[in-house]
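Survey of secondary and tertiary structure
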Amino acid sequence: MGRIEGPAKVTGEAKYTADVLLPGMIWGKVLRSPLPHAKIVSIDTQEAEQMPGILAVLTAKDLPDLLTGRLVYDMPVLAIDRVRFIGEKVAVVAAEDPDMAEDALASIDVEYEEMPAVFDAHEAMKSEAPLLHPDYRSYAHAPQKFFSDIPNVHSHVTWELGDIDKGFALAKRVFEHTFNTPAVHQGYIEPHASVVAIDPDGRVNVWISNKMPVRARELLADVIEIPEERIVVHLSQIGADFGGKGSLMDAPLCYHLAKRTGRPVKMVMTYTEELMAGNPRHPTSIFLRTGVTEEGQIVARQAKVVFNSGAYAAFKPVPFVNIPGAKDAAGVYGTPHIRIDAYSVYANCVPSGHFRAPGDLQVNFAVESSMDMIAEDLGLDRLEFRKQNFLKDGDWVPGGPQLEEVRVAETLAAAVKASSWNQPKSQPNRGLGLAVSHRLIGTGEANTQLTLKEDGTIQVLTPVPEVGTGAHTILQQIVAETLFLPLDQVRVETASEIFKTDSGSGASRVTYVGGQVVQQAAGELMKLILAAGAKGLGCAENEVVFEGGRVVHSESEGSLSLAEVAKLGGDGKSALRVKKSLNLSEGPPITTFTAQVVELEVDPETGQIRLLDVVTAHDVGTIINPLGHQGQIEGGLLQGVGFGLIEELRMEDGQVSTLNLGDYKLPNIRDIPPLTTVLVEEELGPAPFHGKAIGESSITPTGAAIANAVYDAVGVRFHDLPITAEKVYWALQQHSGGEG
Amino acid sequence: MRAFEYREPDNLEEVLSLLHDHGEDAKIIAGGTALVIMLNQRLIMPSYLISLRKLAGLNSVDSADGALQLGALVTHREMETSPVIRDQIPVLAETFRQVATLRIRNMATVGGTLAHADPSQDSPVTLMALDARVGLSSSGGSREVPLDEFFTDYYETVLQPDELLTHVQVPLPKPHTGSIYLKFLPKTEDDYATVGVAASVEIEPSSQLCRECRIVLGGVAPTPLRVKEAEALLSGQKLAPELLHKAASVVQEHTDPISDSRGAADYKREMAGVCVRRALEQAWQRALTESP
Amino acid sequence: MTHTIRLNVNGKEHTVEVPSRRLLIDCLRYDLGLTGTKEGCSVGVCGACTVLMDGKPISSCLALALFADGKEIVTVEGLAREGRLDRVQQAFIDYGGLQCGICTPGMVVTAKALLDENPDPTVDEIKEWMMGNLCRCTGYYKIIESIQGATALEPGGE
């Protein structure tokens, strides 16, 4: 079935934040720093203030000295006394139209005093590196437990299993490998936008491209110093998120401009601003040390994962302000002794944030590449080496539960079976590579309110906006199934004011936590319906059933429609309603596996890679919405291809050089590889109707599968991504001793 | 973008008169696909924008005296689909077809592309390999310039501030000539070429020796690069791998690429050699298999 | 300097006063309130801003509003007729050709122009025509299926 908001989207009726049009609305635009690290000596806005159509010009001195962030508050609304990255916001203007705003920006004069800057995370960790946030320990919500004495490291998290020293003592061979991945942008086609309009009574109306509106209201209240009850977050459609739209971005600035001018203010980032100052995937360096026994058993895995947080940590939402994907540094293998250290480091580049399966891609690229390398060194088949080390029921995973129902072997077998893996190698410069990953099912908080309306329909209120993943459709399906109703009798709407907190969309949690809360609420609502129906029919509750959309008295066969039950109400006056909240901090003892096989061909004269075939196999439970489920797989897979072959937010000395979509290339329709999806299904999932999670699966192992296939094709091993034709060409030149 | 005065003359004299009056302070806009980006980014800030939208007479494709005359306002999409072009100079239609995306091709013009003078563009490379000439007019008169004398540097041509490019003349290929435009795109199918090569080989049918050839490259120098030294190597020779390798080496020596998101300079230089070899090979094959 | 332009948008005549620097996309979205057309990249690459001008897909983010004077413009709002979706729109819903929907207006406008010119395109022809429309959510597979699916439906809308 198609998704419920489909008609509005295909006709252009669906409204996104930039589509909000209010009477008297004006435009805000920001001036950004051209330097990576500098003191602000002075800002002269006099000329700008006088220009035609300009209604306000603000700098930090016009705002309270407050910092903000998704968890730790370390980022100012406008740079206060210094700038820490090229692109940091320094001043903002409000004008009658965007062109006039731009005219004014050009006349603002900022005097800077340059400071030494550092761009590489490892360099930033050295004792002589300039410190970006000397006072970081005093920032609100900074997690003390994860502080570090290493310069510029604002968070150091460790995961351990067993005893790592004991593990290496058991190893016959020890391998060390290092890998690096760049910043990549989420590539959502809708840039960030926000609109703020302040009512005469002081109510602050906010429209924002943000997939966690309840949390957004909390954060906004803190940074603009207005109580939450006076803030209303209006929900627009979101033009995709992929983890990158969880912050306030320009909403606080819109508020201050609205307050100053008395007019509604809209700010829309240009795509250049997105590429310069969005919140891309963290550039990551992964060091792996692996201990293996004589028999090829991985007995110890030590990992040091260094994440370049950029100038601020403000875009990380997880309580330990680090990147959770680091905990998968032992991969899908039942390694008894593990120690993982993840460092999040400040440096003078664009602040990094979350992007679909944050940390998973980077770490999986390292882990699955090293598996092939170790297998080859030991003279073992790369498939068999993995199989003998796979996780099994009862194994623990770092940062996760003791697992049950582990189906990694079945998932990989399914991928291999659907590929050309077992066929004899046909042509030179062709290769096959595989990679396997897993993802625990997301936890968090979910809320809902279900109401039986007077027309007999069920209204489902959720604070989770539709970011494009089909979440609303899933919730609709779950409620409809639970209540034995046709889909069109259930309507899902977003509403944020009635809920106090919510984890929102993301982390592969919506179907699991969100699905459970609506399923439970629906069950409770059914009880209320039966009770009211029984009362209306003048019989006992145990004498009625729900059949054919009506409350039926099993003996007399008298019945009431839902509309009639609604009119009766709970106590004759108010609507039948259930409000429910679910907070799951612990996930089920289940993880979901993904296995991919990539077949490709390398043109040795140019280094160009052509993907011939991709198989992606997924270990799934019941699929609630097949069209939506497959859509998530396909979209994620192409993002994985982008990560492996094409995408790189190129930076030199903190300056992003790929500043529009003509230079930062996103895969297009002619770039797609032939794709086969294999679903390894069993009705075992823990989500409603035994569903599992799919949103952050297919993107993860593609990079490693490609790297492994390239090695298989031409014998060249890459330790960094993307694997471009240029890199392959030079590697082949070296490999063949410089022969053409 | 900065504010400007907009003019939309419907006759050539008025266009030229405006150019004469405002010269350096004015920019011509045709399809606008390159210009609007530059205006948006404030890379150029003219006081006057002279639009050719209403100008009649510059948007046709005519065949006369052994040449095609292309009006400057013919769009890429028209070049791609024109039966006359596809029949008489198919390599030209093939080249225009590979430019950017459909939307751009619906607006971008033959003349606008030449005047923009970005050496990574596709059509100037093929046009130069076909010995095209451009017609330039000003209120003081007209002149014709061979395309390989037209470009002077990145985004710079011999066009004077008061001149308008009005048409492009392309001689029909001689018999027994094979031509190809090879666009090397290592990263994604929608991009400027990392290296573009237009190769044209005319052979003597009985001996199969090369009479004349043209080798022009895009993306490897400040302007489209024609390498006469390499062309001379092929003259009077038979198609052979060593010959193509030698020609490729000579071409490489003449390249002067810059590093950008399409590739580092040294990679572009290497690929220039590879692509020249491949293009010459394919052009020669086309010449050999062409029906008499 | 402002100009008065007359443009026919989705069959309706409009007279608008615009400064010379006004882009067509801003004229459609803000002067005419037709926010169905979206702005993504602002450099004519992503295709979210696609409209038809005299039947041809163009990037409205690269066109001055003045270019549309005297022209017929079709935006996504003009595809459905009397509440009936065009077959391309219906197919995108049925075949999962959309997720977040931000690229969808540009996609359906471009796809409709394709089927108007080539009613039964091959997969390669679909890919070549649609190459300038970027989507980050779907991976394009279901967009291709949607367009193929549309060819089997009755034209609908008009």
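Please read all numbers here as calculations on a predicted model, not as lab measurements. (Residues numbered from 1 in each chain as written. Chains lettered and ligands numbered in written order. Predicted model: local features only at pLDDT ≥ 70, side-chain atom pairs only at ≥ 80, totals over all residues.)

So, on to the overall build of chain A. Per the secondary structure count, chain A includes 17 helices and 30 strands. The globule rule puts the C-alpha radius of gyration for 740 residues at 27 Å, and the 27 Å found for chain A is close to it. Along the longest, intermediate and shortest principal axes, the C-alpha atoms of chain A span 90 × 75 × 50 Å. When the 740 residues of chain A are sorted by exposure, 59% land in the buried category. Pairs at least 24 apart in sequence give 80% of the contacts found in chain A among residues at least 6 apart. (Helix = DSSP H or I, 4+ residues; strand = E, 2+ residues; numbered from the N terminus. Rg over C-alpha atoms; globule rule 2.2 N^0.38 Å. Buried ≥ 20, exposed ≤ 12 C-beta atoms within 10 Å, placed from the backbone. Contact = placed C-beta atoms within 7 Å.)

On to the domain arrangement of chain C. Residue and element names in this part refer to chain C. Here the domain parsing of chain C yields domain 1 (2-78) and domain 2 (87-151). Between domain 1 and domain 2, the C-alpha centre-to-centre distance is 21 Å. Listed as interface residues are 14 residues of domain 1 and, on the opposing side, eleven residues of domain 2. Of the residues in the side of domain 1 that touches domain 2, the class split is eight nonpolar, five polar and one charged. (Domains from an automatic or database assignment. Nonpolar A, V, L, I, M, F, W, Y, C, P; charged D, E, K, R; others polar.)

Before going further, it helps to examine unusual backbone geometry. That bond from L721 of chain A to P722 of chain A is cis: its omega, -5°, falls within 30 degrees of zero. A positive phi angle, near 65°, is found at S42 of chain C, a position not held by glycine. Mapped onto the elements of the fold, S42 of chain C is located in the loop between helix 1 (24-31) and strand 3 (50-53).

This part is about the packing of helix 2 (residues 87-94) of chain C against helix 3 (residues 104-117) of chain C. All names here are of chain C. Following both chains from N to C, one finds helix 2 and helix 3 inclined at 125°, their axes separated by 9 Å at the closest point. When the axis of helix 2 is compared with that of helix 3, the two are oblique. Viewed along their axes, helix 2 and helix 3 form a crossing whose handedness is right-handed. Mapping the contact onto sequence places V88, Q89 and F92 in helix 2 and T104, V108, A111, K112 and L115 in helix 3. For the contact of helix 2 with helix 3, the residue count by class is five nonpolar, two polar and one charged. (Axes fitted to C-alpha atoms, helices over the stretch in contact; angles between N-to-C directions. Parallel < 35°, antiparallel > 145°, perpendicular 65-115°, else oblique. Left-handed = near helix turned anticlockwise from the far one by under 90°.)

Further remarks concern the interface of chain B and chain A. Contacts between chain B and chain A engage 14 residues on the former and 18 residues on the latter. Split into classes, the residues belonging to the side of chain B that touches chain A amount to six nonpolar, three polar and five charged.

Along its sequence, chain A is carved into domain 1 (23-115 + 190-239 + 245-277), domain 2 (284-441 + 587-735) and domain 3 (444-584). For domain 2 of chain A versus domain 3 of chain A, the distance between C-alpha centres works out to 39 Å.

Here we come to the nonpolar core. One broad trend across soluble globular proteins is that nonpolar side chains are buried collectively. Membership of the largest hydrophobic core comes to 389 residues, with the highest contact counts inside it found for V93, V196 and V710 of chain A. Not counting residues within four places of it along the chain, the set of residues in contact with V710 of chain A comprises G431, L600, V602, I609, V716, F718, I723 and V728 of chain A. (Core = buried A, V, L, I, M, F, W, Y, C linked by C-beta atoms within 7 Å.)

A separate point is the interface of chain C and chain A. If you look at the interface, chain C gives 43 residues, while chain A gives 43 residues. For the side of chain C that touches chain A, the secondary structure elements donating two or more residues are helix 2, helix 3, helix 4 (123-130) and helix 5 (141-151) of chain C. The element best represented in the side of chain C that touches chain A is helix 2 of chain C, accounting for four residues. Class assignment of the residues belonging to the side of chain C that touches chain A gives a composition of 23 nonpolar, 13 polar and seven charged.

Residues and elements named next belong to chain C. Spatially, the five strands line up as an open sheet ordered 2-1-5-3-4, and their pairing is mixed. The sheet terminates laterally at strand 2 (12-19) and strand 4 (56-59), the two strands that pair on one side only. Pairwise comparison of adjacent strand axes, ignoring direction, gives a mean angle of 40° for this sheet. Here strand 3 pairs with strand 5 (residues 72-74) via two bridges, running antiparallel. Across the sheet, residue M53 finds its bridge partner in strand 5, namely I73. Strands in contact with helix 3 are strand 3, strand 4 and strand 5; relative to strand 3, the strand with the most contacts, it is inclined by about 35°. (Pairing = 2+ DSSP bridges.)

Take the packing of helix 3 of chain C against helix 5 of chain C next. Residue and element names in this part refer to chain C. For the pair helix 3 and helix 5, the least separation of the axes is 11 Å and the interaxial angle reads 45°. In this view, helix 3 runs oblique relative to helix 5, as classed from their interaxial angle. In the crossing of helix 3 with helix 5, the sense of the turn from one axis to the other is right-handed. Across from M107, A111 and L115 in helix 3, the residues of helix 5 making contact are I143, I147, A150 and T151. In the contact of helix 3 with helix 5, the residues fall into six nonpolar, one polar and no charged.

Let's shift gears to the pairing of strand 15 (residues 284-292) of chain A. All names here are of chain A. With seven of nine residues buried, strand 15 lies mostly within the body of the structure. Direction of pairing for strand 10 (residues 173-181) relative to strand 15: antiparallel, over a ladder of nine bridges. Bridge pairing links V174 to G291 in strand 15. For strand 15 and strand 16 (residues 298-310), the ladder comprises nine bridges, and the chain directions are antiparallel. Bridge pairing in strand 16 links V292 to I298. Adjacent in sequence and paired antiparallel, strand 15 and strand 16 are bridged by five residues, among which G296 carries a positive phi angle near 90°.

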